[in-house]
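Structural overview for review
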Amino acid sequence: MNSKDLFSPLQLGPSTLTNRIVMAPMTRNRAAEGNIPQEMNRLYYEQRASAGLIITEGAQISPQGAGYPFTPGIYNDEQILGWKKITAAVHQKGGHIFIQLWHVGRISHPSLQPDNALPVAPSAIKPDGDAFTYNGPQPFVEPHALEISEINNIVDDYQQATRHALNAGFDGVEIHAANGYLIDQFLRNGSNNRTDEYGGPPENRSRFLLQVLAAVTSVCDSRRVGVRLSPLNSFNSMRDSDPMTLFSYVVQQLKPLKLAYLHVLEGSMSPLPEGDETFDYKKLAALYDGIYMANHGYDRQSADEAIKSGTADLVSFGIPYIANPDLVERFKADAPLNAPDQASFYGGDETGYTDYPFLSS
Ligand code: PHB
């Protein structure tokens, strides 16, 4: 009966994915000036089109959503035009592509903000460390705590960005609610100490995410909308006092929305404080009844096992996709993988971006 594996097709809303291997969203800081997707970005995604699904790097929903140099946006016509070339190239190769909709919240710097404004967040709590700016690392600043009217405007920005994404030819959108960016800042209580309806119990801290999803699914078939969560990731100074309770609540709320998928980073990008390392991802996944996409540290074998056992429906790969445009073909042939070059992960030109060799070359 149950004969599915990593190479089995999957119906994702209206899209028939040819396999269960997903290219995970990854910031590469190679957009053109003005945060506009350009020719080398088209080639990069086109090279990876044999993935069952590509999820793009985070794309800012508004100028305020930016937190790094040279990350693409999806808020103006030039950006939409740049993305159109990318979606057309991926579709031409038989692939599918979602765009990750991103607002960084407090993980920014006035020099990256319109009118040098303060970055925004649920609460005026400064993250530790430095922002990456056009002038190198600069200490994070205490963000401006959003007023309710400002929160509503950001929800509108997500909706508008979704319209733009559909316009640009994307098969769907992924709402980035992970990794310490704005939505995650609302979810976890290390970054949210609000006393209004957006702070306090999980119901309140989830309100912003659920409002965003309501706004997005009112302009886009819900089966084309995915969500990414990272319950334990401590990256960007994140923590929560009770992640299992919080994220169990979130997942229960996602169930009736009939989304494309739930995408979970099952780990942490930064070291976790002692005692905080455990989280029952299987239990979280079991609470969900739709398509579950697992991410973080999977290889060919563990991913195949996850699909075969039904623990996951899709598995996304990050770093392996940087260095292996033909990851699907390599997995199929059980061929060796190219080693990634860390130094060219963020920023730069085609080197370490579109010049990794294919098996056949
Ligand atoms: C990063 O730039 O390091 C980065 C961006 C987005 C993420 C995670 C990490 O979700």
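Residues numbered from 1 in each chain as written. Predicted model: local features only at pLDDT ≥ 70, side-chain atom pairs only at ≥ 80, totals over all residues. Heavy atoms only, no water.

1. Let's talk about the pattern of salt bridges
To be explicit about the condition: Every case where a carboxyl oxygen of Asp or Glu lies within 4 Å of a side-chain nitrogen of Lys or Arg is listed as a salt bridge. Comment: elements are numbered from the N terminus, with helices defined as DSSP H or I runs of at least four residues and strands as E runs of at least two. Exposure classes here rest on a 1.4 Å probe applied to the protein chains alone. A residue is buried below 20% of its type maximum, exposed above 50%, and partly exposed in between.
This structure, assessed with the given rule, holds nine salt bridges. Ionic pairing is found between Glu46 and Arg42, a salt bridge with its closest N-O pair at 2.8 Å. Of this pair, Glu46 and Arg42 both sit in helix α1 (residues 39-47), separated by four residues, roughly a single helical turn. A relative accessible area of 18% places Arg42 in the buried class.

2. Let's talk about the site of the ligand
Using the following cut-off: By convention in this text, a residue qualifies as near a molecule or strand provided that one of its non-hydrogen atoms is within 4 Å of it. Pairs of N or O atoms within 3.5 Å make up the polar contacts considered here, provided that, within protein, one atom can donate a hydrogen while the other can accept it, and that residues adjacent in sequence are counted only when both atoms are side-chain atoms. Note that accessible areas follow from Shrake-Rupley with a 1.4 Å probe, and for residues the cover is restricted to the protein chains shown. Throughout this entry, Asp, Glu, Lys and Arg are counted as charged residues, while Ala, Val, Leu, Ile, Met, Phe, Trp, Tyr, Cys and Pro are counted as nonpolar. The remaining residues, Gly among them, count as polar.
Taken together, the neighbourhood of the ligand is formed by Thr27, Tyr68, Trp102, His176, Asn179, Tyr181, Phe235, Met269 and Tyr346. Here an oxygen atom of the ligand and a side-chain polar atom of Asn179 are 2.7 Å apart. At 3.5 Å, a side-chain N or O of Tyr346 approaches an oxygen atom of the ligand. Bound to the protein, the ligand loses 85% of the 280 Å² it would expose on its own. Taken together, the residues of the shell around the ligand break down into six nonpolar, three polar and no charged.

3. Thoughts on the layout of surface pockets
Heads up, the condition is: Cavity and pocket criteria rest on a 1 Å grid covering protein atoms alone: a 1.4 Å probe that fits but cannot get out defines a cavity, protein on both sides within 12 Å along at least 5 of 7 lines defines an open pocket, and an atom within 4 Å of a point defines a lining residue. Grid points are joined across faces, edges and corners, and a volume is the space filled by probe spheres set on the points.
For the largest pocket, the calculated volume is near 1,000 Å³. Along its surface, the largest pocket is lined by 41 residues, and Pro25, Met26, Thr27, Met269 and Tyr346 are the ones closest to its centre. Sorting the residues of the lining of the largest pocket by element identifies β5 (97-102), β7 (130-133), β14 (314-317) and α10 (319-323) as the ones contributing at least two each. Of the residues forming the lining of the largest pocket, the biggest block, four residues, is contributed by β7. Its residues placed into classes, the lining of the largest pocket shows 22 nonpolar, 15 polar and four charged. In this model, the second largest pocket occupies a volume close to 210 Å³. If you go around the second largest pocket, you meet 14 residues; those closest to its centre are Leu232, Asp240, Pro243, Asp276 and Thr278. Within the lining of the second largest pocket, the residues separate by chemical class into six nonpolar, four polar and four charged.

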